[in-house]
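One letter stands for each residue in the lines below.
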Amino acid sequence: MPAGVVNQRAQAVSHHLSPHFDVGYPSQSFLFLKTLKEDSKATQQHVAQAKLPLRIVVVGAGLGGLATAIALARRGHSVEVLEQASQLGEVGAGIQVPPNSCLLLQRWGVLEHLGPHAVCPESIKFRKWSNGETVGYTELRDMEHDFGAAYLVCHRADLHRSLLATAVNLGVEIRLDSKVTNYDAMDASVQLSNGSRIAGDLIIGADGIHSHARAAVLPEMGPEPKRTEFAAYRATIEVRKMKADPALRWLLDKPSLHIWIGDGSHVMAYTISRGEAFNMVLCHADQSDPATWTQDTAVTDMKNHFASWDPQLVKLTSMIDSCLKWPLKTGARLRTWIHPLSKMLILGDAAHAMLPYMSQGAAMAVEDGAALAVALNDAADRSEIPAAMQSFEAERMERSTAMQEASRANGIIWHYEDGPEQIARDQGMRAEVEGRPFSWSSNQWSDPVTSWWTYGYDAEERMARAMRVGKVSKIDVTA
Ligand SMILES: Cc1cc2nc3c(=O)[nH]c(=O)nc-3n(C[C@H](O)[C@H](O)[C@H](O)COP(=O)(O)OP(=O)(O)OC[C@H]3O[C@@H](n4cnc5c(N)ncnc54)[C@H](O)[C@@H]3O)c2cc1C
C-alpha cells in the first residue's frame, strides 16, 4: 500500500480515537497506532504555530535555556536568550541523552548536529563494587525500537553546540555578557549588570541550580537547593591510553555504560566524543563543607576513596590526571514555578535540581521547554496565558518531582553495603543478567514500569493531552 494511503488511514484512525479517548491509566495498548504514523525519527518539518506569537526572554543559555528557546522559536515566538558568561560552553564532561530527551532533539533537528559526535551504547552493565562482576544488565539498543529514539551519550560541549546551532538557525538571539541582576515581574522585564533593561511578554528563568529567578518567583525561599551528603568526582581519560593497556581494552570493545555499585558509593563510566574519551563520574558520601574543598587534592582523595574497589576500576582511576570535585544537591517540590503576575516562570535546574542518579536532569529541562511551547500554543489572547502557564506547571511539576524521587531511589538501591539488602537487590536483577524473562527489576533502567514511565514519555504529546483533558473537565464542570 502506498505510504500516503497508510498515513491518511492512520490519521483517520488516530483522529477518531485520540481526542475522545485519552487513556488515563498506564497502558501501551494504543501504541500500535503510532506504527501507522509518519516516520517519527525524521526532523519534524511542519509544526503548529502559536496563535499569539510572544516576545520571550530566556535567562540562561545552559542546556535547558537553549532547548526552551528552540521549542518556542519553532512555534513562531521571538526569543532572546541572556547569558552571563562571556563565552558559551559546558563542563568538560559527558552527558547521557536518554530516549525521552532524544525524541524531542530528533524532532527539532538538533540530532542532525549532534549525531556525528554522539555514541550509541549497546547496554548498561551494573557491576559489583569489589570485583566488577556483572550484577545487572539493560539492553539499550532495544530502546530505539520501544521508545522511538535512541539512548545516546556525548560530550556536554557537543550537545550544547548542537542546541546552539539549532537555536541560531531558528532566529533565536543569544546575548553574551548579559548578567541579569534584577527581575521586574510587573512589566516582564529584566535589568542587566550594565544597567540596561530588556523587556518581553514573558520571562523564563533557566538560570540553573543557583537561580536568582527562583528567588524572584518565591521570595520566601532561600536561593539554594539542599546539599546532599554526597559529592562526585568528574573526570575523563583519553581512550588512547586505555587501548594501550590490554587489561582495559575490553571496556572499549563495544560501547557500553558501566556502573560499579555498592559500599555507599557508585561509579558511572562510558565513552564519549566519538569514542575518543572515557567519561567517569565517581559518587561518594562526603559531609564536609564544599568551602573547605581544594581541587588540588581531588585526584589523590578520589584514588584513596576507591582504592579497595574492583582492581580494573582502580587501574582506570590510576589513569586520571585531573578531576573536579562537585557537591551533589537536590531540590524539593516548590510551591510554584510561576510569579503571581503570570509574566515570569522558572524551569530546568532552577525549578527542580536533582541528583544525577537517573541521568535525567537536563532531559527534564528539555522536556520543560517542549511542554511550555505546547501549553502556550493555543492561547489566542493574553488573558489565556496564565491558564496555559498553570497547565504547564501542573504537568511538569508532577513529572519532575517524581524524577527527583526516582533519582534519590537509585542512591538507596545502588549504595547498599554488602549484606542481606544487597543480596536481595542483586537477586532482583539476576533474570536480566541471565537473559531470562522478568516482570520487575531492582534496576530502574530495566524495570518495565519505571522504564516506560521514564523513557516512554513524549513531553509534547503529554502536554497536548493534558491541555485537552483540562478543557474537557472545564466543560464538564460548567455543564
Ligand atoms: C555529575 C552530574 C552528571 C549529570 N549527568 C546528567 C546526564 O547524564 N543526563 C542529564 O540529562 N542530566 C545530567 N545532569 C544534570 C544536568 O547537568 C543539569 O540538569 C542541566 O545541565 C541543567 O540545565 P539548566 O539549563 O537548567 O542549568 P545550567 O546548565 O546550570 O545553565 C544555567 C545557565 O544560566 C546562566 N546564568 C545563571 N545566572 C544567570 C544570570 N543572572 N544572568 C544570565 N545568565 C545566568 C549560567 O551561566 C548557565 O549558562 C548531571 C549533573 C551532574 C552534576
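To be clear, the structure that these remarks concern was listed above.
The sections below set out a description of the structure shown in this document. Per chain, residue numbering runs from 1 following the sequence as it is written. Whole-chain, interface and lining totals are the exception, using all residues; otherwise, since this is a predicted model, local features are given only for residues with pLDDT of at least 70 and side-chain atom pairs are given and counted only at 80 or more.

Quick look at the overall build of the protein chain
Point 1. By the criteria applied, helices consist of DSSP H or I runs no shorter than four residues and strands consist of E runs no shorter than two, each listed in order from the N terminus. Looking only at helices and strands, the protein chain has 18 helices and 17 strands in total.
Point 2. For 479 residues, the compact-globule estimate of 2.2 N^0.38 gives 23 Å, and the C-alpha radius of gyration of the protein chain, at 23 Å, lies within 12% of that figure.
Point 3. Principal axes of the C-alpha set define a box for the protein chain whose edges measure 65 × 60 × 40 Å.
Point 4. Any two residues are considered in contact once their C-beta atoms, placed from the backbone, lie within 7 Å. Across the protein chain, the fraction of contacts at a sequence separation of at least 24, relative to all contacts at a separation of at least 6, is 72%. For a compact globule the rule gives 2.2 Å times the number of residues to the power 0.38, and the radius of gyration it is set against comes from C-alpha atoms.

With respect to the environment of Val110
Point 1. With respect to the helices and strands, Val110 occurs in helix H4 (residues 110-114).
Point 2. In this scheme every C-beta is placed from the backbone, and a residue whose C-beta has 20 or more other C-beta atoms within 10 Å is buried, one with 12 or fewer is exposed, and one in between is partly exposed. Taking the number of C-beta atoms within 10 Å as the measure of exposure, Val110 has 26 and is therefore buried.
Point 3. Put simply, Val110 and Ala167 are 57 residues apart on the chain and 8.9 Å apart in space, counted from C-alpha to C-alpha.

Considering the packing of helix H3 (residues 99-108) against helix H13 (residues 361-377)
Point 1. At a minimum axis distance of 9 Å, the contact between H3 and H13 shows a crossing angle of 45°. Classified by the angle between their axes, H3 and H13 sit oblique to one another. Judged by the twist between their axes, the crossing of H3 over H13 is left-handed. For the pair H3 and H13, contact is made by Asn100, Ser101, Leu104 and Leu105 and by Ala362, Ala363, Val366, Glu367 and Ala370, respectively.
Point 2. For this classification, Asp, Glu, Lys and Arg are treated as charged, while Ala, Val, Leu, Ile, Met, Phe, Trp, Tyr, Cys and Pro are nonpolar and the rest, including Gly, are polar. For the contact of H3 with H13, a count of residues per class yields 6 nonpolar, 2 polar and 1 charged. As a rule, the C-alpha atoms of each element are fitted with a line to give its axis, helices using only the stretch in contact, and angles between N-to-C directions run from 0 to 180 degrees. Roughly parallel means an angle under 35 degrees; roughly antiparallel means over 145; roughly perpendicular covers 65 to 115; every other angle is labelled oblique. Crossings are sorted by hand: turned counterclockwise from the far helix by less than a right angle, the near helix makes the crossing left-handed, and turned clockwise it makes it right-handed.

Regarding the pairing of strand E8 (residues 180-184)
Point 1. Of the pairings in the sheet, the one linking E8 to strand E9 (residues 189-192) comprises 4 bridges and is antiparallel in character. Note that in E9 the partner of Asp184 across the bridge is Ser189.
Point 2. Here E8 folds back onto E9, and the loop between the two strands holds 4 residues, one of which, Ala188, carries a positive phi near 50°. Strands are treated as partners if at least two bridges between them are detected by DSSP.

Details of the site of the ligand
Point 1. Note on definitions: a residue is near a molecule or strand provided its C-beta atom, placed from the backbone, lies within 6 Å of it. Looking at the ligand, there are 35 residues lining it, with Gly60, Gly62, Gly208, Gly348 and Gly361 nearest.
Point 2. Every element with two or more residues in the shell around the ligand is listed here: helix H2 (63-73), strand E3 (94-97), strand E12 (226-238), helix H12 (349-352) and H13.
Point 3. Each residue belonging to the shell around the ligand can be placed in one class, and the counts come to 17 nonpolar, 13 polar and 5 charged.

Details of the sheet that holds strand E10 (residues 197-199)
Point 1. A sheet is described by the order of its strands in space; here 3 strands give the open sequence E8-E9-E10, paired in antiparallel fashion. The strands lining the two open edges of the sheet, one partner per strand, are E8 and E10. Across the sheet, the mean angle from the axis of one strand to that of its neighbour is 25°, orientation sign disregarded.

What about helix H6 (residues 156-169)?
Point 1. To estimate the expected span of a helix, subtract one from its residue number and multiply by 1.5 Å. Across its 14 residues, H6 extends 20 Å between first and last C-alpha, which sits within 8% of the 20 Å expected from 1.5 Å per residue.
Point 2. Asp158, Leu159, His160, Ser162, Leu163, Leu164, Thr166 and Ala167 are the residues of H6 that are buried.
Point 3. Residues of H6 that are buried in the fold lie against H2, E3, H3, H4, strand E6 (152-155) and strand E7 (173-175).

Description of unusual backbone geometry
Point 1. For Ala188, which is not glycine, the phi torsion reads 50° and is therefore positive.
Point 2. Within the element layout of this structure, Ala188 appears in the loop between E8 and E9.
Point 3. Classification of Ala188 by C-beta neighbours within 10 Å gives buried; the count is 22.
Point 4. In this structure, Ser342 takes a positive phi of about 60° despite not being glycine.
Point 5. With respect to the element layout, Ser342 can be found in the loop between strand E16 (324-330) and strand E17 (344-346).

Quick look at the packing of H13 against helix H14 (residues 385-415)
Point 1. Two numbers describe how H13 lies on H14: the axes approach to 9 Å, and their chain directions differ by 155°. Comparing their axes, H14 and H13 come out roughly antiparallel. Both H13 and H14 take part in a crossing whose hand is right-handed. Contacts between H13 and H14 involve Met364, Asp368, Ala371, Leu372, Ala375 and Leu376 from the first element and Ile385, Ala388, Ser391, Phe392, Glu395, Arg396, Ser400 and Met403 from the second.
Point 2. The class makeup of the residues in the contact of H13 with H14 is 9 nonpolar, 2 polar and 3 charged.

Describing the nonpolar core
Point 1. Counting 127 residues, the largest nonpolar core has Val59, Leu66, Ala69, Cys154 and Leu347 as the members making the most contacts within it.
Point 2. At 12 residues, H13 tops the list of elements feeding residues into this core.
Point 3. Ignoring sequence-local partners within four residues, the contact set of Ala69 consists of Val58, Val79, Val81, Ala167 and Val172. To count as a nonpolar core, a set of buried Ala, Val, Leu, Ile, Met, Phe, Trp, Tyr and Cys residues must be joined through C-beta atoms within 7 Å.

Structural notes on the sheet that holds strand E14 (residues 265-272)
By way of backbone hydrogen bonds, the strands of a sheet pair with one another, either parallel or antiparallel.
Point 1. Taken together, 7 strands build an open sheet; the order of strands is E5-E4-E13-E14-E15-E12-E16 and the sheet is mixed. Both edges of this open sheet fall to strand E5 (134-139) and E16, since each of them pairs with a single strand only. Ignoring strand direction, the axes of neighbouring strands in this sheet form an average angle of 20°.
Point 2. Across 6 bridges, the pairing between strand E4 (residues 123-128) and strand E13 (residues 256-262) is parallel. In the sheet register, Lys125 faces E13, and the bridge partner there is His258.
Point 3. Here H14 sits on the sheet in contact with E13, E14 and E16, set at roughly 110° to E14.

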